[in-house]
Amino acid sequence: MSLGKLVFLFIVFVCLLACGESGESVENFSVSAPELLQMIRSDARIARKLDLSSVDTQPYIRDHPGAAYYFACGLLDLGIDREADILLEKTFQYDSGPWRREAGRELASRMKAGTGLMRIAVRYEQLYPGDVRSPLIMMKALHASGANLDLLRLTEEFTARLAEEVTPRVLSEALLYRARAEAGVNHPRFPETIRKLFYSCPASAIHQEAWEDFFVPDSLETSDTSNTSDTSNTSNTSDRNGKFFSRDERDFFRAKTRVAVGEWAAALAAYKTRIPFSAGEPAFLREYAEVLHRALGWRNSIAELTRLLPGLQGDSRLVCEEYLGKLYRTGGQYDKSVSALQSALEALGNRKDIFPVSENEETQKDRIIWYLLSSTLRGSPHKMMEALPAYFPGIEDPGYFFDLFESLTSTLVRGRDWKSLASLWTLLRGRGGYERERARAAFLTACALRAGLYSSPPGSLPGARELFEYAFANADPYYRILAGLILKKDAPVSQSAGMEFIFPAPEEKTPNAPSALPAPSIPAAPSDSEEDVYVRGFLDFGLNSRAAHAARRMQRSVSARTLLLVAESEAAEGRYIDTLRLLQRASRRPGLVPDRRMLEALYPQAFAGEMHSVIADTDLPPAVFYGLVREESYFDPHIGSHAGAVGLAQLMPATANEVALKLKIPSPRLTDPLTNLRLGSYYLQAQWERFGDGATALAAYNAGTSRSARWRTQLSGLPGILFAEALSLSETREYIRKVLVSAVHYGYLYYEKTPRQTVREIFKDFS
């Protein structure tokens, strides 16, 4: 986009302000568009005096694509809304590409009413007829202008045509607009639409909007008015005197808004006495089961759903049986769980789901099968092995079951059931989508063969080397590193599936002579899409937070190069957690081979001064401690876990206080990086000294000293790799894997360590 006359006049305006203070000639003053925005952001005088109302903005700025749009975003961040809206209007009117679309969406979201909103809605519909936001923007404009008949027609067409294709959120929004239109023309279907919105759609902020639109929260309309700050809506669309809905229904609708904000007990109090089960809505029953579980726990929820089950039919019965199966599993009643879930699966039949699902959400069929197999596994791993072939054909997404297969292999290793482990390798043969699961079974079976723990019948299995070769070619990074080193190959490892990085052969490299990293292979700028240019434009204008938000929203469309640039801008401002989350997405790109620049962004030496200081005071391998901190917190010093752990090294307050006493640190502040790292390094070293090896020390750091001591006793005789695989906590198993992969990268990138040397620091018996 060019800014022609707009930027020229805009620059002249700013220069006049500057020259008014300094006396400098306008003719000798020239800045680029990004520099101009930076001047506005850094000088409050300019921001206060900014006025674009009299500037002819139709010609375009020529010096940067999307300049007017980025100016507008920068001004919005500064609270200069009026001038931002002028630039957004001109972008939407004259620009092209993603800037026009995004400006239209921004304007539509900011405008409340008036001809301007209708004009934008009409133009947006002309430009983007296939965009799901287009009819929603038009609905907002029609509602704001009071065109209820037109709004009613549009919402009827939209909900009839797209109800099965859109997300529940979009459907809820459309139903709300339809209810508004029906109420505006006194359509007799209005109560039916409201009931559909509240009974059938998952609780969200849309229900709060509907409550505020149609129901005045005074004593005449609801029996529950305590602790509420609702503002009365006196429009003629409210159900002020109970014309359409009974008090019980209105109380139910009010409870729905409480579900949306997680007020489970308050919602349940209304649901239990006023649930309209006669409506027979399975979506509502799904929500009610969730409220029950959150408010009462699994045992009481089972009792309530069991009471309801005989009176339910069709999809409502299916939903109830699915939830009963989940709750029985939570309570350890695995046979009952399997029975209920099998009934739900039979009722579902060939359908994937009875509700609209969001993108990337699992199908109901996969979810039921997962819970069914999980309950079977918890009852008996042999029964799960027997059941698997019957369920393979019904599975839609094999990747959804990856963690379940991980639990199965761990259970078999823990039981030293090498024969079943080998059978799993055979069972998965030829089944597309299960290569990683089969590779893990191959690797662990090969480890058992190599350690002399298992002797397979002649001809039943390939040899250990062939199994390691399969794992090397197909497994996740952790297993690929280990398999490659066992095979004495150059080991391609990856931060996650799809990202490969070739380490030099350990036998051919000395610690003091690191080999060159691969040449950069991130795509060059000419192949970038419009979305890439759009996201990087924020960086040019210093709008890094907006760039990160846009990159996350458009992650499927932007290149790895763009994600790297955005991530680096986040890291430069100390937001390492955002950096790593962005690059995790980039790392999943098939065939991407990162160069050193991307690897160092993925494995940064964050808090280098503090890290080097504490490492120097311990005997810990630096790469292992760096890997631990990366995986614990992604270098966010203020992060907290659901269990209460705090800071870079994720310390529980009780543990931190105990260590602080030994180190004579009074009142330790766990969000202080140096303090947190010092306590974390001391605690890890204490575990290392107690257990004598890195794997058990890491297990103790993650799961506790007493639990790790018990594992050492129970799993004695297993080599280190199989010991780590047999731990009964999936979180701890995955923790050791992640730390090892990170430590290998840190060792190689910064500490001149070969992968083999780093692995031996964690598994001392590795060879």
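As the structure is a prediction and not an experimental result, all values here were calculated from the model. Starting from 1, residues in each chain are numbered consecutively following that chain's sequence as written. Side-chain atom pairs in this predicted model are given and counted only at pLDDT of 80 or more, local residue features only at pLDDT of at least 70, and totals for whole chains, interfaces and linings cover all residues. Only heavy atoms go into the side-chain values, all of them from the structure, while hydrogens and water stay out.

What about the overall build of the protein?
Argument step 1. The way it works is that DSSP assigns letters per residue, a run of H or I at least four long becomes a helix, a run of E at least two long becomes a strand, and they are numbered from the N terminus. Along the protein, the regular secondary structure elements total 38 helices and 2 strands.
Argument step 2. Per-residue accessibility, obtained with a 1.4 Å probe over protein chains only, is compared with the maximum for each type, and a residue is labelled buried under 20%, exposed over 50%, and partly exposed between these values. Classification of the 767 residues of the protein by burial places 54% in the buried group.
Argument step 3. Sequence separation of 24 or more characterises 61% of the internal contacts of the protein that already satisfy a separation of 6 or more.
Argument step 4. Methods summary: accessible areas were calculated by the Shrake-Rupley approach with a probe of 1.4 Å, and residue burial reflects only the protein chains presented. With an accessible surface of roughly 32,800 Å², the protein has 49% of that area assigned to carbon and sulfur atoms. We call two residues contacting when some pair of their heavy atoms lies within 4.5 Å.

Structural notes on the nonpolar core
Argument step 1. By nonpolar core is meant a set of buried Ala, Val, Leu, Ile, Met, Phe, Trp, Tyr and Cys residues that side-chain atoms within 4.5 Å join together. Judged by nonpolar contacts, the single largest core of 226 residues is most densely connected at Phe443, Phe625, Phe635 and Phe763.
Argument step 2. The greatest single-element share of this core, amounting to 10 residues, is contributed by helix 15 (residues 282-308).
Argument step 3. If we ignore the near neighbours within four places in the chain, the residues touching phenylalanine 635 are Tyr576, Leu580, Pro604, Ala606, Phe607, Tyr626, Val629, Arg630, Leu648 and Tyr746.

Description of the packing of aromatic side chains
Argument step 1. Aromatic rings from Phe, Tyr and Trp, with only the six-membered ring used for Trp, were paired whenever their centres fell within 6.5 Å, and each pair was classed as stacked if the ring planes differed by under 30 degrees, edge-to-face if by over 60, and tilted otherwise. Following the criterion strictly, the structure yields 38 aromatic pairs and no others.
Argument step 2. Judged by centre distance (5.0 Å) and plane angle (75°), the rings of tyrosine 70 and phenylalanine 538 are edge-to-face. With a gap of 468 residues between them, tyrosine 70 in helix 4 (residues 67-77) and phenylalanine 538 in helix 25 (residues 530-540) connect regions that are remote in the sequence. Both residues of the pair, tyrosine 70 and phenylalanine 538, count as buried.
Argument step 3. For the ring pair phenylalanine 215 and phenylalanine 245, a centre distance of 5.6 Å and an interplane angle of 55° mean the geometry is tilted. Taken together, the residues span a long stretch of sequence, with phenylalanine 215 in the loop between helix 12 (205-214) and helix 13 (247-260) and phenylalanine 245 in the loop between helix 12 and helix 13 at a distance of 30 residues.

Thoughts on the packing of helix 33 (residues 673-691) against helix 35 (residues 705-714)
Argument step 1. Orientation of helix 33 relative to helix 35, taken along the N-to-C sense of each, is 25°, at an axis distance of 12 Å. Overall, the two elements helix 33 and helix 35 adopt an arrangement that is roughly parallel. Between helix 33 and helix 35 lies a crossing whose hand is right-handed. Across from Tyr683, Gln687, Arg690 and Phe691 in helix 33, the residues of helix 35 making contact are Thr705, Ser708, Ala709 and Arg712.
Argument step 2. Under the scheme applied, nonpolar residues are Ala, Val, Leu, Ile, Met, Phe, Trp, Tyr, Cys and Pro; charged residues are Asp, Glu, Lys and Arg; polar residues are all the others, including Gly. Residues of the contact of helix 33 with helix 35, tallied by class, amount to 3 nonpolar, 3 polar and 2 charged. Axes here refer to lines fitted to C-alpha atoms; in helices the fit is confined to the stretch in contact. Angles between the N-to-C directions go from 0 to 180 degrees. Oblique is the label for any angle not covered by the other classes, which are roughly parallel (under 35 degrees), roughly antiparallel (over 145) and roughly perpendicular (65 to 115). Left-handed describes a crossing whose near helix is turned anticlockwise from the far helix by less than a right angle; the clockwise case is right-handed.

Remarks on the pattern of salt bridges
Argument step 1. The term salt bridge refers to a side-chain nitrogen of Lys or Arg lying within 4 Å of a carboxyl oxygen of Asp or Glu. Tallying each qualifying case throughout the model produces 41 salt bridges.
Argument step 2. As a salt-bridge pair, aspartate 578 and arginine 575 come within 3.9 Å of each other at their nearest N and O atoms.
Argument step 3. Assessed through its relative accessible area of 24%, arginine 575 is described here as partly exposed.
Argument step 4. Between glutamate 600 and arginine 596 there is a salt bridge, with its nearest N and O atoms 2.7 Å apart. Taken as a pair, glutamate 600 and arginine 596 lie in helix 29 (residues 596-602) at a separation of 4 residues, close to a single helical turn.

As for the environment of threonine 363
Argument step 1. Note on placement: threonine 363 falls in the loop between helix 17 (334-348) and helix 18 (364-379).
Argument step 2. Residues threonine 363 and aspartate 397, spaced 34 residues apart in sequence, show a C-alpha to C-alpha distance of 8.5 Å.
Argument step 3. Setting aside chain neighbours within four positions, we find threonine 363 in contact with Lys352, Asp353 and Glu396.

A short note on helix 12
Residue pairs spaced three or four apart in an α-helix point in one direction, given the helix's 3.6 residues per turn.
Argument step 1. Turning to helix 12, its buried residues number three or more, namely Ile206, His207, Ala210, Trp211, Asp213 and Phe214. Down the axis of helix 12, the buried side of the element spans an arc of 165°, and every buried residue falls inside it.
Argument step 2. Looking at the buried positions of helix 12, the neighbouring elements they touch are helix 10 (168-184), helix 11 (190-200) and helix 13. Arc definition: it is the arc formed by the directions from the helix axis to the C-beta atoms.

Describing the packing of helix 4 against helix 25
Argument step 1. Packing of helix 4 against helix 25 brings their axes to within 10 Å, and their N-to-C directions diverge by 50°. When the interaxial angle is binned, helix 4 and helix 25 end up oblique. Crossing angle aside, the handedness with which helix 4 passes helix 25 is right-handed. Where helix 4 abuts helix 25, its residues Tyr69, Tyr70 and Cys73 lie against Val533, Tyr534, Gly537 and Phe538.
Argument step 2. Of the residues contributing to the contact of helix 4 with helix 25, the split by class is 6 nonpolar, 1 polar and no charged.

What about helix 24 (residues 477-486)?
Argument step 1. With respect to burial, helix 24 is a largely interior element, 10 of its 10 residues being buried.
Argument step 2. Just past helix 24, the residue lysine 488 takes up positive phi, approximately 55°.

Concerning the environment of threonine 579
Argument step 1. Take threonine 579: it is sitting in helix 28 (residues 576-587).
Argument step 2. Given the relative accessible area of 1%, threonine 579 is considered buried.
Argument step 3. Taking the C-alpha atoms as reference points, threonine 579 and valine 566, 13 residues apart in sequence, are found 7.6 Å from one another.

A short note on the side chain of serine 708
Argument step 1. Of note, serine 708 is situated in helix 35.
Argument step 2. A relative accessible area of 0% means that serine 708 is categorised as buried.
Argument step 3. For serine 708, the residues in contact, after removing those within four places along its chain, are Phe691, Thr696, Ala699 and Ala700.

Observations concerning the side chain of threonine 445
Argument step 1. Within the secondary structure layout, threonine 445 lies in helix 22 (residues 435-450).
Argument step 2. We classify threonine 445 as buried; its relative accessible area is 2%.
Argument step 3. If we skip the residues at most four places from it in the chain, threonine 445 touches Leu421, Ala422, Leu461 and Leu467.

What to know about the environment of glutamate 396
Argument step 1. Within the secondary structure, glutamate 396 sits in the loop between helix 19 (381-391) and helix 20 (402-414).
Argument step 2. Measuring from C-alpha to C-alpha, the distance between glutamate 396 and glutamate 362 comes to 8.8 Å, with 34 residues separating the pair along the chain.
Argument step 3. Residues within four places of glutamate 396 in sequence aside, it is in contact with Lys352, Thr363 and Asp366.

Description of the confidence of the model for the protein
Argument step 1. Per-chain confidence: the protein averages 83 in pLDDT, with 82% of residues scoring 70 or above.
Argument step 2. The predictor attaches a confidence to each residue, and that confidence, scored 0 to 100, is pLDDT. Here strand 2 (residues 501-502) stands out as the least confident element of the protein, with mean pLDDT 39; helix 36 (residues 720-726) is the most confident, with 98.
Argument step 3. The low-confidence segment residues 218-237 (pLDDT under 50) makes 43 contacts with residues lying over four places distant or belonging to another chain.
Argument step 4. Confidence drops under a pLDDT of 50 for residues 491-526, and excluding neighbours within four residues, the segment shows 96 contacts in the predicted structure.

Some details on unusual backbone geometry
Most peptide bonds take the trans configuration, and most residues that are not glycine carry a negative phi.
Argument step 1. Residues other than glycine seldom take positive phi values, yet arginine 416 does so here, at roughly 55°.
Argument step 2. Along the chain, arginine 416 turns up in the loop between helix 20 and helix 21 (418-427).

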